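Close look at the chain arrangement
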Amino acid sequence: MTTSGILQIVIYFLVILGVTKPMGSFMAKVYQGERTFLHKPLRWLEALLYKLTGVKETAEQRWTEYAGSVVAFSLASFLFTYVIQRAQAWLPFNPQRFGANNVSPDLAFNTAVSFVTNTNWQAYGGETTMSYFVQMAALAVQNFVSSAAGVAIAIAVVRGFSRQQSKTIGNFWVDLTRGIVYIFLPLCIVGALFLASQGVIQNFNEYTKVQTVEGGTQVIAQGPIASQEAIKMIGTNGGGFLNANSAHPFENPTPLTNFVEMLMIFLIPGGLTFTFGRMVGSPRQGWALFAAMSVLFLAGVFIAYAAEQSGNPILAKSGLESAPTELQAGGNMEGKETRFGIAATALFATITTGASCGAVNGMHDSFTPIGGMVPLFNIMTGEVIFGGVGAGLYGMLLFAIMAVFIAGLMVGRTPEYIGKKIEQKEVKMAMLAVIATAAAILVFTGISSVVPFEKGGYWNAPGPAAANINNDGPHGFSEMLYAYTSGAGNNGSAFGGINVNTPWYNLTIGLAMLVGRFLFLLPLVAAAGSLAAKKRVATTSGTFPTDGPLFVGLLVGTVLIIGALTFFPALSLGPIVEHFLMQGGKVF
Amino acid sequence: MPATLSPHKMERTPDPTSLLPKKLTHSRPLFDPEILARATAESFKKLNPLALMKNPVIFVVEAGAALTTILLIRDLFAGGESIGFQIQIALWLWFTVLFANFAEAMAEARGKAQADTLRKTKSDSAAKKLLANGRMESTPSSKLRAGDFVMCEAGDTIPGDGEVMDGIATVDESVITGESAPVIRESGGDRSAVTGGTRVLSDWIKVKITSNPGETFLDRMIALVEGAERQKTPNEIALNILIAGLTLIFLLAVVTLLPISSFSVSAAGAGTVPTIAVLVSLLVCLIPTTIGGLLSAIGIAGMDRVMQHNVLAMSGKAVEASGDVNTLLLDKTGTITLGNRQAVEFLTLPGVEEHDLVDAAQLSSLADETPEGRSVVVLAKETDGLRGRDVAEHEATFIPFSAYTRMSGVDIDRRRLRKGATEAISNFVREEGGQVPKELMGFADRIARNGGTPLAVADGARALGVIHLKDVVKGGMKERIAQLRAMGIRSVMITGDNPLTAAAIAAEAGVDDFLAQATPKDKLDYIKREQGEGRLVAMTGDGTNDAPALAQADVGLAMNTGTMAAKEAGNMVDLDSNPTKLIEVVAIGKQLLITRGALTTFSIANDVAKYFAIIPAMFMATYPALGQLNIMGLHTPQSAVLSAVIFNALIIIALVPLALRGVKYRPVGAAALLRRNLLIYGLGGVVAPFPGIWIIDQLVVWLKLA
């Protein structure tokens, strides 16, 4: 590890630490309907949207209604996104004349699910599949609304703790609108303008064909990228306009844009921890979650960075210099952009998988086994290391519930968190969420490991599902495991090295995304409903303190142990054994 | 007198920090041979899968054991590899189930043994039923119905629960309380309840039967200790969901390992897919068998521990709730202070000879059998050398204390001596035509401010002075209340005294709050207010007028000497009628919850080591490089799997005593408690299995078992 590399990571963390409080208290005000400095310029828009949609601003919803609204909204969004993709041939802004043949029904299903669930898993290459209209009207719109929906749900879950003896947990439509109007739109406008100023392109041109120096021709894809890029990062969506995602110079041209894009990912998830603390009336509770996330985050970054910087021992043994020098980055530079280097790529990979973003600025498939295991493990633990916008907070709250329930008994009281008794209903819902995601990852990976398909058949033309992987042995297994993990975790980043655009993978990863989104959030909303109805228990010196280092340690331990215990067997047959084999001189 | 923990007994408790007295009233040793035998037999009976279904974790183990056994039998006939290994795995899996059953059976057997003892006392004796015409008739006690009247004389067993309507008797209640000292039962007041099965030792009482056969206190007590009515408590249900959920997750992880490993085997082109026996072993090691096997035992043992303190909890829920209590309402008299006030000083009014006051005080107290009255006589003797006098020489009429007059005294040789509340005596003096010196009120106020009770004395129209009655705070009470505070529990003193007196005693005992001149309604309102602020409240009570508050409180501990109404309203009955025990009940509730949490944490933390034992063993043939995960250096794949399974089974048995006794509880703040327990059961749970499995592996190899 180099000083400059470590410094980049430390500075990044300090900036996030610095923006958490202002961002968090701003969001708390927005969702509690208080006035902010944006009230004056934007209140008319909020009011107009209510008027147009007939939403009553003061009406409150029970948890069932809230959950119902989320599902109904997602279903409508899904249908809309599906239809636009399939109908792109008849729609405007399509200079490359992409049609329905570019987007098969199974791909359209997968993509629609992917964007509605805030996953942004892409079984397609943007520039070779989707028209500008699809990218803007279908995908970018989903980037906004699925993010705002995620934050809305998190706020509803927070209300479960902040309210008492309440039958309702807010109004989904109001939360959704406020999030878009006051948080996502303003941030994205500023963000897009900044990125454009740094060289991220924004046009509606036809692709340019150019003569290369070697005499060949190259097609240069372009389009309205800057506007899409901002929400891609801020909404932790991660679906790139271009196939190469943030590794592409049009999406992420400079180290500065790289740094800002990374900040955009953690901006809202980090801030939400403070929002939580503010809303439950104890900022320390929020900081405790922030601290637990930070511990996991920094551990992940440094493990990944160390693994990437130490590179491949086989190369070192063969006498190649792999130490960083004035002239070279050293370590493992395969699949990394030279303008970012090892530290910024390892950092980006940890951030994008800690949050459920999924944007990439390097190829995770080319990481060393341990370097690649960090992103994989981050997703497996439920993406609670700041996590997706909203999803990270409610995911961490789920772990807090589990931690308090398991260990909280050891203070000699029935478990309570933020003054709410954790009982049967909450435990049931938390377990349901954990089981559903684990099942989606393990069951689909298990089936795909062995399921035989006929070569050239409809479901999977290359033959057995396992034939789609490009690498042998444990690395090939990691590719498959990562795909389902990314889907079920609603991350959307690709390890790569696997052909996933077949009906089998489109369907199963699509299902994994649906399970990972809805069977995770619905139990939590249900738990929020039951929590909101409870009385707040008085805090005494006999109460388990959930705002100190002890709790932070416990929470970190719970996240690690639950994640590790569930996935250790699978990981041991993937990256872990690959690591040992690499040490022994064998790579895949 | 009912058996109570007398203050000097409390002071003798060797470790003042321990809330739990070491000596239990009628405890059996933990591994009583009779109980052991009974539990062993029961653990085989519990193998019935229909019964085991209630415990999902152990049910999965049994299913795994059955599957392994079936495959073993197939291999025995069809011929298969490593039969010896398979036999051992199957055996240890069955042992795991049996050990879990044994833990539960042990806990139950203790209750059952106790129930048997109680049942023996339930003889169908003949009762002397009183008929409407006043005659007596001999009736079997099982024929008595609520509302019948019976006569109980010396030597008779009281045939059913009831109220004393007439008479007074000493009763041996050792059947219920385990305390051999007889208690007094008399009509009226709060000592009128009698329990069926107890025996009259002297005199006689007429009893109105209040319960039908089969519904008596003794019947309920038998059902409770036997655990027949045992229902899972809310927290137990939630914990069951958690461990069932974890079981499901591990089931997923292990089942999907089959296709995943088959992919790996074909990708590596080496090794074989793990056998079912090995996969089942991994599953059994991962699922939380430790807590799954011990959970119900912990609950039953918690109830049993309450029982050993001679407290009858009507439900496990009540015990659990007592761990959550935030506020304790403690009656001043009998709980915080000794039940009786002591006369400590005579304050003579100006112009009165001290002798006159002492003399009048003594005479007026001669017939006063209350401890206060006696203490006046004692003090008089000490102050003035006055001996008890034979009042029979004189013409004396004793005036008993009544709530209406609020004074008592004697009319002797035309002197009218009275002692009582200051106001009552002032009125008396004025009625007699005298003047009340203003110093009287001054004395009274001064005494009250110091936490004492003033007792004014008058001789007809002449006020003589004031006796200072002092409340004596029980030894060790202040420390206990400080401990409660450390546990995060507020203690509130309830007293009928005036606010001044109450404040002084509250300060002396160190309670957090007090409720002076408390009426039953005040108590009820106080409880409701506390509950409204999200606190759980515990209280003790004995009188009928306590019943509403007892019912409202989250934990209501009724005194056995109290009225039936109080006993019905509370959710626990203290057979010793010692209100201080509420503090112990709270400690037991906490201990129960801590034990559950500790073993859950331990159980989950254990999994880390088991992975390091089994995963490399499973895939060593496919990927020899995974041998690097074998950090314990276990000998062979088979010895590794076997050792993990054996460790997993043995740890259940090893923790049975802990589950039954409960984790040691110290009354400290939550943060300190958590830190300590996390270190022991969390970190310890991660570390302990490593050496444990290693040692078993050494033994297994040494014994040539694998």
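All of the points below concern the structure found in this document. Keep in mind that what you see is a predicted model, and the values were worked out from it rather than measured. (Residues numbered from 1 in each chain as written. Chains lettered and ligands numbered in written order. Predicted model: local features only at pLDDT ≥ 70, side-chain atom pairs only at ≥ 80, totals over all residues. Heavy atoms only, no water.)

A word on helix α4 (residues 105–116) of chain A
Residues and elements named next belong to chain A. Helix length check: α4, at twelve residues, gives a terminal C-alpha distance of 16 Å against a target of 16 Å (1.5 Å per residue), a fit within 8%. What α4 keeps buried is the set Asp106, Leu107, Ala108, Phe109, Asn110, Thr111, Ala112, Val113, Ser114, Phe115 and Val116. For α4, the secondary structure elements touched by its buried residues are α3 (63–86), α5 (126–129), α6 (132–162) and α17 (503–532). Of the residues one or two after α4, Asn118 is the one with positive phi, at around 60°. (Helix = DSSP H or I, 4+ residues; strand = E, 2+ residues; numbered from the N terminus. Expected span 1.5 Å × (residues − 1). Buried < 20%, exposed > 50% of the residue type's maximum accessible area, 1.4 Å probe, protein only. Contact = heavy atoms within 4.5 Å.)

Considerations on the packing of aromatic side chains
Residues and elements named next belong to chain A. What the rule picks out here adds up to 37 aromatic pairs over all chains. Taken together, a centroid distance of 5.7 Å and an interplanar angle of 75° make the contact between Tyr66 and Phe172 edge-to-face. In this pair, Tyr66 sits in helix α3 while Phe172 sits in helix α7 (residues 172–197), placing the two residues 106 residues apart along the sequence. Note on Phe266 and Phe297: the rings are 5.2 Å apart at their centroids and 75° apart in plane angle, and the pair reads as edge-to-face. Taken as a pair, Phe266 in helix α9 (residues 255–279) and Phe297 in helix α10 (residues 283–310) lie far apart in primary sequence, 31 residues in all. Taking the relative accessible area as the measure of exposure, Phe266 reaches 1% and is therefore buried. (Phe/Tyr/Trp six-rings, centres within 6.5 Å; stacked < 30°, edge-to-face > 60°.)

A closer look at the interface of chain A and chain B
When the parts of a complex come together, some accessible area is lost, and that lost area is often taken as the interface size. Listed as interface residues are 56 residues of chain A and, on the opposing side, 64 residues of chain B. Surface buried jointly by chain A and chain B totals about 5100 Å² across both partners, of which 78% is contributed by carbon and sulfur atoms. Note that Lys421 of chain A and Asp324 of chain B form a salt bridge whose closest N and O atoms lie 3.3 Å from each other. Put simply, chain A and chain B have nine residue pairs in polar contact (both at pLDDT 80 or more) between them. (Buried area = accessible area lost by both parts, 1.4 Å probe. Salt bridge = Lys/Arg side-chain N within 4 Å of Asp/Glu carboxyl O. Polar contact = N/O pair within 3.5 Å; in protein donor to acceptor, adjacent residues only side chain to side chain.)

Considerations on the sheet that holds strand β17 (residues 513–515) of chain B
Residue and element names in this part refer to chain B. The seven strands lie next to each other as β8-β20-β19-β18-β9-β16-β17, forming an open sheet whose pairing is mixed. Looking along the sheet, the strands with just one partner apiece sit at the ends: β8 (311–313) and β17. Averaged over neighbouring strand pairs, the angle between their axes works out to 20° when direction is ignored. The sheet contact formed by strand β19 (residues 555–559) and strand β20 (residues 572–574) spans three bridges and is parallel. In the strand pairing of β20, Met559 is matched with Asp574. This element, helix α20 (residues 520–532), spans β9 (327–331), β16 (490–494), β17 and β18 (537–541) of the sheet and lies at about 165° to β18. (Pairing = 2+ DSSP bridges. Axes fitted to C-alpha atoms, helices over the stretch in contact; angles between N-to-C directions.)

Details of empty space enclosed by the protein
All names here are of chain A. This model, assessed by the stated rule, comprises eight cavities of 30 Å³ or more. Lining of the largest cavity is provided by 28 residues; of these, Ile379, Gly382, Glu383, Thr437 and Phe520 occupy positions nearest its centre. Secondary structure elements with two or more residues in the lining of the largest cavity: α13 (369–380), α14 (391–408), α15 (424–450), α17 and α18 (549–583). Ranked by the residues each element gives to the lining of the largest cavity, the list is headed by α14, at five residues. Of the residues assigned to the lining of the largest cavity, the class counts are 13 nonpolar, 13 polar and two charged. (1 Å grid on protein atoms, 1.4 Å probe; cavity = no way out; pocket = protein on both sides within 12 Å on 5 of 7 lines; lining within 4 Å. Points joined across faces, edges and corners; volume = space filled by probe spheres on them. Nonpolar A, V, L, I, M, F, W, Y, C, P; charged D, E, K, R; others polar.)

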